[in-house]
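Architecture and fold: a report
The primary structure of each chain is shown beneath.
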Amino acid sequence: ILDFAKIEHGSLELETRDVDILACAEGAVEMIRGRAMDSGNAVVLAMPPTLDVPYVRTDATRLRQILMNLIGNALKFTERGGVRVLVNHELTASGPALIVAVSDTGIGMTREHIANLFNAFQQADPSIAGRFGGTGLGLAISRDLARRLGGDITAQSTPDIGSVFTHTCRIILRHGGRIWAEGQPERGATIYFTIAG
């Protein structure tokens, strides 16, 4: 509620620095692992080997908040199966992008439900609050934070199959002062990710 009030008032401050994205993702998973164990679900964190030591210039606290919300929601709506967190990067039409996709095997949603998903104080379905609880603020705050950090959050879902929430932000790949606009650095090179403002 406090974050939402700050966002509405325009007083939310961000503190950007080089953040180890893997450590941030691992931290978010660890903080929510107890909930996963209680629900009997597995949470898998996946990252391709090309992301040896990735860094993002962002607000670590807010990025972790976004990831915890997405992972927590995935667990909440998954009764059987598990949650997968994939950290990757790809070359898009607008340049290199960092991709964090949180997928689950939960209840899923219809296209109509997704349309209202990111509105404050709303949930995908009115019955959701009664069955699963929640204020309907988490995703609204997460998307706003993602956009303030130079990215966005999108959702795809199939009823009774599961959902995928994807946090994407544009980045510049750099190593030793060189810009990596496409392709990969030499094997073993440290890869730094900087959000393109």
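This text follows the structure it describes.
Overview of the structure.

Parameters at a glance
- Here the residue numbers are simple positions, counted from 1 along each chain's written sequence.
- Only residues with pLDDT of 70 or above have their local features reported here, since the model is predicted, and side-chain atom pairs are shown and tallied only from 80 upward, although totals for entire chains, interfaces and linings are computed over all residues.
- Side-chain metrics rest on all non-hydrogen atoms present in the structure, leaving aside hydrogens and water.
- Each helix corresponds to a stretch of at least 4 residues labelled H or I by DSSP, and each strand to a stretch of at least 2 residues labelled E; elements are numbered beginning at the N terminus.
- Accessible area is worked out with a 1.4 Å probe on protein chains only. A residue is then buried under 20% of its type maximum, exposed over 50%, and partly exposed in between.
- In what follows, residue pairs with any heavy atoms lying within 4.5 Å of each other are defined as contacts.
- Per-residue and other accessible areas follow the Shrake-Rupley method at a 1.4 Å probe size, with only the shown protein chains counted as cover for residues.
- One speaks of a salt bridge when a side-chain nitrogen belonging to Lys or Arg is within 4 Å of a carboxyl oxygen belonging to Asp or Glu.
- Side-chain rings of Phe, Tyr and Trp, where Trp is taken by its six-membered ring, are said to pair if the distance between their centres is within 6.5 Å; with planes under 30 degrees apart they count as stacked, over 60 as edge-to-face, and otherwise as tilted.
- We count a charge as sitting over a ring when the NZ of a lysine or the CZ of an arginine lies within 6 Å of the ring centre and within 35 degrees of the ring normal.

1. Brief notes about the overall build of the chain
- The helix and strand tally for the chain stands at 6 helices and 9 strands.
- Residue burial in the chain is summarised as follows: out of 197 residues, 45% are buried.
- The contacts in the chain between residues at least 6 apart in sequence include a share of 69% that link residues at least 24 apart.
- Within the structure as shown, the chain displays about 10300 Å² of accessible surface, and the carbon and sulfur contribution to it stands at 51%.

2. Here's the deal with the pattern of salt bridges
- Taken as a whole and assessed by the stated rule, the structure comprises 4 salt bridges.
- Taking the shortest distance from any N to any O, the salt bridge between Arg148 and Asp144 comes out at 2.4 Å. Of the two residues, Arg148 and Asp144 are both situated in helix H6 (residues 138-148); the distance of 4 residues between them amounts to about one turn of the helix.
- With relative accessibility at 37%, the residue Arg148 sits in the partly exposed group.
- With a shortest N-O distance of 3.0 Å, Asp152 and Arg147 are connected by a salt bridge.
- Take Asp152: its relative accessible area is 25%, and that puts it in the partly exposed class.

3. Some points on the packing of aromatic side chains
- With the rule as written, the count across this model stands at 1 aromatic pair.
- Look at Phe118 and Phe165: their rings are 6.4 Å apart centre to centre, the planes differ by 70°, and that puts the pair in the edge-to-face class. Of the two residues, Phe118 sits in the loop between helix H4 (111-115) and helix H5 (126-132) while Phe165 sits in strand E7 (residues 162-175), which places them 47 residues apart along the sequence. An identical accessibility class is assigned to Phe118 and Phe165; each is buried.
- A cation sits over an aromatic face here: Arg143 above Phe118, 3.8 Å from the ring centre.

4. Looking at the environment of Pro159
- Mapped onto the fold, Pro159 is located in the loop between strand E6 (151-158) and E7.
- Between the C-alpha atom of Pro159 and that of Arg111, which follows or precedes it by 48 residues, the distance is 9.3 Å.
- In this structure, Pro159 is in contact with Ile107, Gly108, Met109 and Thr110, ignoring residues within four places of it in sequence.

5. Notes on unusual backbone geometry
- Not every positive phi belongs to a glycine, and Asp160 is a case in point at roughly 65°.
- Relative to the assigned elements, Asp160 resides in the loop between E6 and E7.
- Judged by relative accessible area, which is 70%, Asp160 ranks as exposed.

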